[in-house]
Amino acid sequence: ALAAPAAGAAAGGGEKKGAVTFRGRPSRVLLLKNVVAPGEVDAELRGEVGSECSKYGEVVDVLVHELAAGATGAGGAPLAEEQRVRVFVKFSKPGAAMKAYIGLDGRYFGGRHIWVCFFKEADFDGRSLDPSPSEPK
């Protein structure tokens with residue numbers, strides 16, 4: 001169940017975060033963008049992301065997918081550099097993925113602002129990892 005907006009938030013009251021709006025349909029797989037710059041993917045990245053995410057629940061798989069320079073998005077426009085390294089994390093339970101989403105979205109990692117959305121499990125399992133037109137913006 002999603003939390004209701006904090007009392008007074010609608011009236012312009014306190015700084016409390018209200019209800020979380022998730023990008024993408026909740027699943028056991030998260031896509032993290034802007035974790036590192038293209039060319040900065042190293043052998044430790046999978047382990048670092050996996051151990052950070054395991055704070056939220058059991059991690060089944062972590063996959064780092066780096067797109068080449070000049071790669072294009074769904075509309076054919078070149079991808080911005082923060083879109084080119086796509087880190088996927090699959091959890092054993094959807095609840096763990098939700099907790100991780102809430103905990104990670106908007107956080108800073110190595111000075112970079114992390115962006116999170118849910119990702120279709122079937123696409124992850126089939127290793128269909130490139131940007132698609134149906135992906136949340």
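Look above for the structure.
Report on the accompanying structure. Note that the coordinates shown come from a computational prediction; the quantities given were computed from them, not determined experimentally.

Examining the sheet that holds strand β3 (residues 85–91)
Strand order in this open sheet of 4 strands is β2-β3-β1-β6, and the pairing throughout is antiparallel. Only two strands of the sheet have a single partner each, and these edge strands are β2 (59–66) and β6 (115–119). Taking the axes of each pair of neighbouring strands and ignoring which way they run, one obtains an average angle of 20° across the sheet. Across 5 bridges, the pairing between strand β1 (residues 29–33) and β3 is antiparallel. Opposite Leu32, over in β3, you have Val87 as the bridge partner. Relative to the sheet, helix α1 (residues 45–53) contacts β1, β2 and β3, its axis offset from that of β2 by approximately 140°. Packing against the sheet, helix α2 (residues 94–104) makes contact with β1, β3 and β6, and its axis sits at approximately 160° to β6.

The rules behind these values
Residues numbered from 1 in each chain as written. Predicted model: local features only at pLDDT ≥ 70, side-chain atom pairs only at ≥ 80, totals over all residues. Heavy atoms only, no water. Pairing = 2+ DSSP bridges. Helix = DSSP H or I, 4+ residues; strand = E, 2+ residues; numbered from the N terminus. Axes fitted to C-alpha atoms, helices over the stretch in contact; angles between N-to-C directions. Contact = heavy atoms within 4.5 Å.

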